[in-house]
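Reading the structure
Each chain, written out:
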Amino acid sequence: MKLFAESAERDATGEISLASDSLMARAVHACKDTAPALAVMTETCLCSYTTDGVCYLTDRHGQPDVPSTVRATAGQALAHAEAGADIVGPASMVLGTVGAVRSVLDETGHDGVSVMPHVIFWSSLYDGFRLTMGATPKAGLNREFQINPGKADQFVDTALRMEAAGADMILLEPAQFTADVLATLRRATRAPLFPFSVSGEYTALTRVDSETGQRDVRLLVELFTMLKRAGASASVTYAALDIARQLT
């Protein structure tokens, strides 16, 4: 019996995320086998693969190891591209990862794969996801490279620097807290901009009718309408099917 690499396996290097038979790689293969024309987008991050639950690798002193993080992120992106991903998304917010990912994809014949880095504000909306994924940082560690929500200029500057490094498009998150920076970026770049409505928004802004079992997504529809006005190319959401059912 073949034993597959699973994301439950963790170590200090996050090496399991680079495996050709990882859970992510198998998911991409499953999507492409089922619907070859479907565009598949992945996230390349280390928080679900490292023992300390942070998005970057650390050195023996517990400090961010940027060069190792850049190499691991590029390796992850390559593994996803080889599995069939159409868009890969560096999500650690470590500057240098976007350029490294673009370079390794181009050098290995995956120049048609797009790079969509995540630009992220700190938010408690991620707490449920982190708990579910076992990606809550250990005591004394934090989301080192994510942006203080009071620093809009830093968010915009980071997004533009990532575009200059080779990003084809930008993912902004969490969606409901990015309207102002979205509008600013829309005036500064022609790159596609995609607010990401994270799982915390999905649970906070929707409810399930106890009698029908249907999920009420009206607040999310209003949110995405506002984000479209602000300049979003489209929005990424867990509620896509719920919204499609409501609008048809």
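Quick summary incoming for the structure in this document. In this text, all values refer to a predicted model and were calculated from it rather than measured experimentally.

It is worth spelling out the layout of surface pockets at this point. The computed volume of the second largest pocket comes to approximately 150 Å³. Taken together, Arg-207, Val-208, Asp-209, Gln-214, Arg-215, Asp-216, Asp-242, Arg-245 and Gln-246 make up the lining of the second largest pocket. In terms of residue class, the lining of the second largest pocket is built from one nonpolar, two polar and six charged.

Looking now at the side chain of Thr-158. Mapped onto the elements of the fold, Thr-158 is located in helix α5 (residues 152-164). Discounting residues that sit within four places of it in the chain, Thr-158 has contacts with Met-93, Leu-95, Val-119 and Ile-147.

Ordered by their spatial adjacency, four strands build an open sheet running β4-β5-β6-β9, and the pairing between neighbours is parallel. Edge positions in the open sheet fall to β4 (118-120) and β9 (236-237), since each of these has one partner strand only. Two elements, strand β5 (residues 170-173) and strand β6 (residues 193-197), share three bridges in a ladder whose sense is parallel. In the strand pairing of β6, Ile-170 is matched with Leu-193. Relative to the sheet, helix α8 (residues 218-230) contacts β6 and β9, its axis offset from that of β6 by approximately 160 degrees.

Helix length check: α5 (13 residues) gives 19 Å between terminal C-alpha atoms against 18 Å at 1.5 Å per residue, within 8%. Those residues of α5 that are buried are in contact with α3 (97-107), β4, β5 and α6 (179-188). One or two steps after α5, the chain reaches Gly-166, where phi turns positive at roughly 130 degrees.

By the alternation rule, side chains of strand β1 (residues 41-44) split into Thr-42 and Thr-44, which are all buried, and Met-41 and Glu-43, of which none is buried. Regarding the hand of the β-α-β motif, the stretch spanning β1, helix α2 (residues 66-83) and strand β2 (residues 87-90) is right-handed.

Turning our attention to the sheet that holds strand β3 (residues 114-115). Reading across the sheet, the three strands line up as β1-β2-β3 and stay open at both edges, with parallel pairing between neighbours. Edge positions in the sheet fall to β1 and β3, since each has one partner strand and no second. In the sheet, β2 pairs with β3 via two bridges, with the strands oriented parallel. Looking at β3, one finds that Val-88 is bridged to Val-115. Contacts from α2 reach β1 and β2 within the one sheet, and its direction differs from that of β1 by about 160 degrees.

Before going further, it helps to examine the environment of Arg-215. In this fold, Arg-215 is placed in strand β8 (residues 215-216). Taking relative accessible area as the criterion, Arg-215 reaches 28% and is therefore assigned partly exposed. A sequence separation of 28 residues divides Arg-215 from Ile-243, and the C-alpha atoms of the two residues are 9.1 Å apart. Engagement of the side chain of Arg-215 in a polar contact is seen with the side chain of Tyr-202, the distance being 3.0 Å.

All right, on to the pattern of salt bridges then. A pair can form between side chains of opposite charge whenever their charged atoms are brought close. Counting across every chain of the model gives seven salt bridges. Note that Asp-168 and Arg-102 form a salt bridge whose closest N and O atoms lie 3.2 Å from each other. On the criterion of sequence distance, the pair formed by Asp-168 in the loop between α5 and β5 and Arg-102 in helix α3 is long-range, its members being 66 residues apart. Residues joined in a network through salt bridges with shared partners are Arg-102, Asp-106 and Asp-168.

For the rest of this paragraph, the subject is the packing of α5 against α6. At a closest axis distance of 10 Å, the pairing of α5 and α6 adopts a crossing angle of 40 degrees. It follows from the interaxial angle that α5 and α6 lie oblique. Note that α5 runs across α6; the crossing there is right-handed. Together, Ala-152, Phe-155, Val-156, Ala-159 and Leu-160 of α5 and Asp-180, Val-181, Thr-184, Leu-185 and Ala-188 of α6 make up the contact between the two elements. Looking at the contact of α5 with α6, its residues break down into eight nonpolar, one polar and one charged.

Another point: the pairing of β6. Buried residues dominate β6, accounting for five of its five residues. In β6, alternate side chains face the same way, and those of Leu-193, Pro-195 and Ser-197 on one face and Phe-194 and Phe-196 on the other are all buried. Regarding topology, α6 serves as the crossover connection from β5 to the parallel β6, and that connection is right-handed. Examined bridge by bridge, β6 and β9 share two bridges and lie parallel to one another. Paired with Ser-197 across the strands is Thr-237, a residue of β9.

Definitions and cut-offs
Position numbers for residues count from 1 along each chain, tracking the sequence in the order it is written. Whole-chain, interface and lining totals are the exception, using all residues; otherwise, since this is a predicted model, local features are given only for residues with pLDDT of at least 70 and side-chain atom pairs are given and counted only at 80 or more. Side-chain metrics in this entry use all non-hydrogen atoms of the structure; hydrogen atoms and water are not considered. Throughout, the protein atoms alone are placed on a 1 Å grid, and a set of points is a cavity if a 1.4 Å probe fits but cannot get out or a pocket if it is open with protein on both sides within 12 Å along at least five of seven lines; lining residues have an atom within 4 Å of a point. Grid points are joined across faces, edges and corners, and a volume is the space filled by probe spheres set on the points. The nonpolar class holds Ala, Val, Leu, Ile, Met, Phe, Trp, Tyr, Cys and Pro. Asp, Glu, Lys and Arg form the charged class, and all remaining residues, Gly among them, are polar. Numbering of helices and strands runs from the N terminus, with a helix taken as a DSSP run of H or I at least four residues long and a strand as a DSSP run of E at least two residues long. Note on definitions: a residue-residue contact is assigned when non-hydrogen atoms from the two residues lie within 4.5 Å. The rule for pairing is simple: two strands pair if DSSP sees at least two bridges between them. For every element, the axis is a line fit to its C-alpha atoms; helices are fit only across the contacting stretch, and the angle between N-to-C directions ranges from 0 to 180 degrees. Here the expected length of a helix is defined as 1.5 Å per residue gap, with one fewer gap than residues. Buried residues are those whose accessible area, probed at 1.4 Å on protein chains only, stays under 20% of the maximum for their type, while exposed residues exceed 50% and partly exposed ones sit between those limits. Seen with its strands pointing away from the viewer, a crossover is right-handed when the path leading from the first strand over the helix to the second is clockwise. Under the rule applied, a polar contact is a pair of N or O atoms within 3.5 Å (in protein, one hydrogen donor and one hydrogen acceptor; residues adjacent in sequence only if both atoms are side-chain atoms). Counted as salt bridges are all cases of a side-chain nitrogen of Lys or Arg within 4 Å of a carboxyl oxygen of Asp or Glu. Working rule for angles: under 35 degrees goes down as roughly parallel, over 145 as roughly antiparallel, 65 to 115 as roughly perpendicular, anything else as oblique. By convention, the crossing between two helices is left-handed when the near helix turns anticlockwise from the far helix through less than a right angle, and right-handed when the turn is clockwise.

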